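So you can see what is in the structure, the chains are spelled out below.
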Amino acid sequence: MTIEQVMVIGAGQMGAGIAQVCAVAGYSVFLHDTNQESLDRGYQRIEGNLKKQVDKGRLTLEQMEGALNKLIPTCRLDVAGEVDLVIEAIIENMVVKKELFKELERVVKPSTILASNTSSLPITEIAAVTDNPERVIGMHFMNPVPVMKLVEIIRGLATSDEVFSQVEEVTKRLGKVAVEVNDFPGFVSNRILMPMINEAIFTVYEGVATPRAVDEVMMLGMNHPMGPLTLADFIGLDTCLSIMETLHDGFGDDKYRPCPLLRKYVSAGWLGKKSGRGFYQYD
């Protein structure tokens with residue numbers, strides 16, 4: 001099967017980024033969201049990002065127009081029946097993802113591949129709610145999607161070799177680097193990254209240093225391009241908490257226990273850059 005049509009479910013920051021790179025790569029793309037306002041915002045984000053690429057000379061005006069012509073926003077899930085690959089990029093919640101995959105199973109063609117952009121949840125568990133778990137796979141893109149090269153490709157227990165090969169080819173066509181990882185909580189990226197961020201939050205919580213000082217130590221001393229607390233704000237503190245909870249539940253090891261300060265900030269609605277306040281304040 002040749003993959004030509006793609007559907008991205010979720011028009012947030014990740015979903016919009018995935019839809020953008022798919023459209024630029026020449027795929028026909030349905031961008032889906034249940035909320036029209038979110039859908040419009042996602043499309044506008046893509047349009048703005050592409051204009052910036054043109055201004056920087058990375059895309060021609062014709063390439064931008066071609067990508068936008070390939071992009072179809074929709075609130076209808078049933079159009080998934082027309083596509084060869086569905087990439088889910090919704091909230092990082094297992095119950096919600098399972099409900100979506102059950103619904104997709106009733107809509108899509110038998111040959112359609114179902115991929116999840118989950119950053120930490122088990123692909124095997126998501127696939128188990130479908131009748132054809134062999135066609136379910138993980139495609140974990142990095143944020144921001146148009147810039148970052150890595151895509152973690154995660155096989156579920158039943159994922160077929162053919163599905164893996166097709167997704168690997170799609171990833172290459174997007175100009176990304178596909179790295180195969182096994183289906184464990186957090187995979188590789190977040191199993192390593194999130195405990196570091198969590199420890200940075202503990203450092204602030206215990207009064208060892210200010211957020212700015214922690215970030216400066218890691219940038220100037222460890223040559224990180226961005227401090228862990230700035231990165232946490234960029235990712236979203238609610239997302240960081242969700243991933244830490246997945247690691248803690250999945251491994252049953254207290255070294256993955258989320259910092260109480262992280263929980264407090266999320267409870268207060270201090271989610272980072274997207275809410276205007278996290279470890280730093282944003283306009």
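All values reported here derive from a predicted model rather than from experimental measurement.

**Description of the overall build of the protein**
When helices and strands are counted, the protein shows 11 helices and 8 strands. For 283 residues, the compact-globule formula gives about 19 Å, and the C-alpha radius of gyration of the protein, at 19 Å, lands near that figure. When the backbone C-alpha atoms are referred to their principal axes, the protein occupies close to 55 × 45 × 30 Å. Contacts in the protein between residues at least 24 apart in sequence constitute 68% of all its contacts with a sequence separation of at least 6. Split by element, the accessible area of the protein, about 13500 Å² in all, is 51% carbon and sulfur.

**Quick look at the sheet that holds strand 4 (residues 85-88)**
The strand order 3-2-1-4-5-6-7-8 describes an open sheet built from 8 strands, whose pairing is mixed. The sheet is open, and its two edges are formed by strand 3 (71-74) and strand 8 (177-181), each paired on a single side. The average undirected angle you get between the axes of adjacent strands in this sheet is 25°. Here 4 bridges tie strand 4 to strand 5 (residues 113-116), and the two strands are oriented parallel to one another. What sits directly across from Ile 87, in strand 5, is Ala 115.

**Considering the UniProt feature "site: Important for catalytic activity" (unreviewed entry) in the protein**
According to UniProt, the "site: Important for catalytic activity" (unreviewed entry) feature falls on His 140. Along the polypeptide, His 140 turns up in strand 6 (residues 136-141). Note on His 140: relative accessible area 6%, which makes it buried. Apart from residues no more than four positions distant in its own chain, His 140 is found in contact with Ser 116, Asn 117, Thr 118, Ser 119, Leu 150, Val 151, Glu 152, Ile 154, Phe 187, Ser 189 and Asn 190. A polar side-chain atom of His 140 sits 2.8 Å from a polar atom in the side chain of Glu 152.

**Looking at the domain arrangement of the protein**
Domain annotation of the protein identifies domain 1 (5-182) and domain 2 (189-274). Relative to domain 2, the C-alpha centre of domain 1 lies at a distance of 27 Å. Domain 1 puts 10 residues into the contact, and the matching count from domain 2 is 6 residues. Of the roughly 630 Å² buried between domain 1 and domain 2, counting both surfaces, carbon and sulfur atoms make up 51%. When the area that domain 1 buries against domain 2 is broken down by residue, the three leading residues are Glu 92, Ser 119 and Ser 120, summing to 47%. At the junction of domain 1 and domain 2, the tally comes to 0 salt bridges. On the surface where domain 1 and domain 2 come into contact, there are 3 residue pairs in polar contact (both at pLDDT 80 or more). Here the side of domain 1 that touches domain 2 is built from residues that sort into 3 nonpolar, 5 polar and 2 charged.

**As for the UniProt feature "binding site: NAD(+)" (unreviewed entry) in the protein**
Feature annotation in UniProt assigns "binding site: NAD(+)" (unreviewed entry) to the following positions: Gly 10, Ala 11, Gly 12, Gln 13, Met 14, Gly 15, Asp 33, Glu 92, Lys 97, Ser 119, Asn 143 and Lys 274. Relative to the helices and strands, Gly 10 is located in the loop between strand 1 (5-9) and helix 1 (13-24). You can call Gly 10 buried: its relative accessible area is 7%. The residues contacting Gly 10, other than those within four sequence positions of it, are Gly 15, Ala 16, Leu 31, His 32, Asp 33, Ala 89 and Ile 90. Relative to the assigned elements, Lys 274 resides in the segment after helix 11 (260-267). A distance of 2.9 Å separates a polar atom in the side chain of Lys 274 from a polar atom in the side chain of Asp 238.

**Quick notes on the side chain of Gln 20**
Checked against the element boundaries, Gln 20 lands in helix 1. Discounting chain neighbours no more than four positions away, the residues touching Gln 20 are Ile 46, Asn 49, Leu 50 and Pro 146.

**Quick look at the packing of aromatic side chains**
Within the structure shown, the criterion is met by 4 aromatic pairs. Judged by centre distance (5.1 Å) and plane angle (65°), the rings of Tyr 265 and Trp 270 are edge-to-face. Each residue in the set Tyr 265, Trp 270 and Phe 279 is aromatic and connected to the rest through ring pairs, giving one cluster. The ring of Tyr 27 carries Arg 173 above its face, with NZ or CZ at 3.8 Å from the centroid. The ring of Trp 270 has Arg 277 sitting right over it, with the charged end atom 3.7 Å from the ring centre.

**Here we look at the packing of helix 2 (residues 36-55) against helix 3 (residues 61-69)**
Across the interface, helix 2 lies against helix 3 with an axial gap of 9 Å and an inter-helix angle of 165°. One way to sum up the angle between helix 2 and helix 3 is to call them roughly antiparallel. With respect to the hand of their crossing, helix 2 and helix 3 are arranged in right-handed fashion. For the pair formed by helix 2 and helix 3, the contact residues are Tyr 43, Ile 46, Glu 47, Leu 50, Lys 51 and Val 54 on the first element and Leu 61, Met 64, Ala 67 and Leu 68 on the second. Its residues placed into classes, the contact of helix 2 with helix 3 shows 8 nonpolar, no polar and 2 charged.

Cut-offs and rules
- Residues numbered from 1 in each chain as written.
- Predicted model: local features only at pLDDT ≥ 70, side-chain atom pairs only at ≥ 80, totals over all residues.
- Heavy atoms only, no water.
- Helix = DSSP H or I, 4+ residues; strand = E, 2+ residues; numbered from the N terminus.
- Rg over C-alpha atoms; globule rule 2.2 N^0.38 Å.
- Contact = heavy atoms within 4.5 Å.
- Areas by Shrake-Rupley, 256 points an atom, 1.4 Å probe, with all protein chains shown as cover.
- Pairing = 2+ DSSP bridges.
- Axes fitted to C-alpha atoms, helices over the stretch in contact; angles between N-to-C directions.
- UniProt positions renumbered as here; feature names shortened; annotations may be inferred.
- Buried < 20%, exposed > 50% of the residue type's maximum accessible area, 1.4 Å probe, protein only.
- Polar contact = N/O pair within 3.5 Å; in protein donor to acceptor, adjacent residues only side chain to side chain.
- Domains from an automatic or database assignment.
- Buried area = accessible area lost by both parts, 1.4 Å probe.
- Salt bridge = Lys/Arg side-chain N within 4 Å of Asp/Glu carboxyl O.
- Nonpolar A, V, L, I, M, F, W, Y, C, P; charged D, E, K, R; others polar.
- Phe/Tyr/Trp six-rings, centres within 6.5 Å; stacked < 30°, edge-to-face > 60°.
- Lys NZ or Arg CZ within 6 Å of the ring centre and 35° of its normal.
- Parallel < 35°, antiparallel > 145°, perpendicular 65-115°, else oblique.
- Left-handed = near helix turned anticlockwise from the far one by under 90°.

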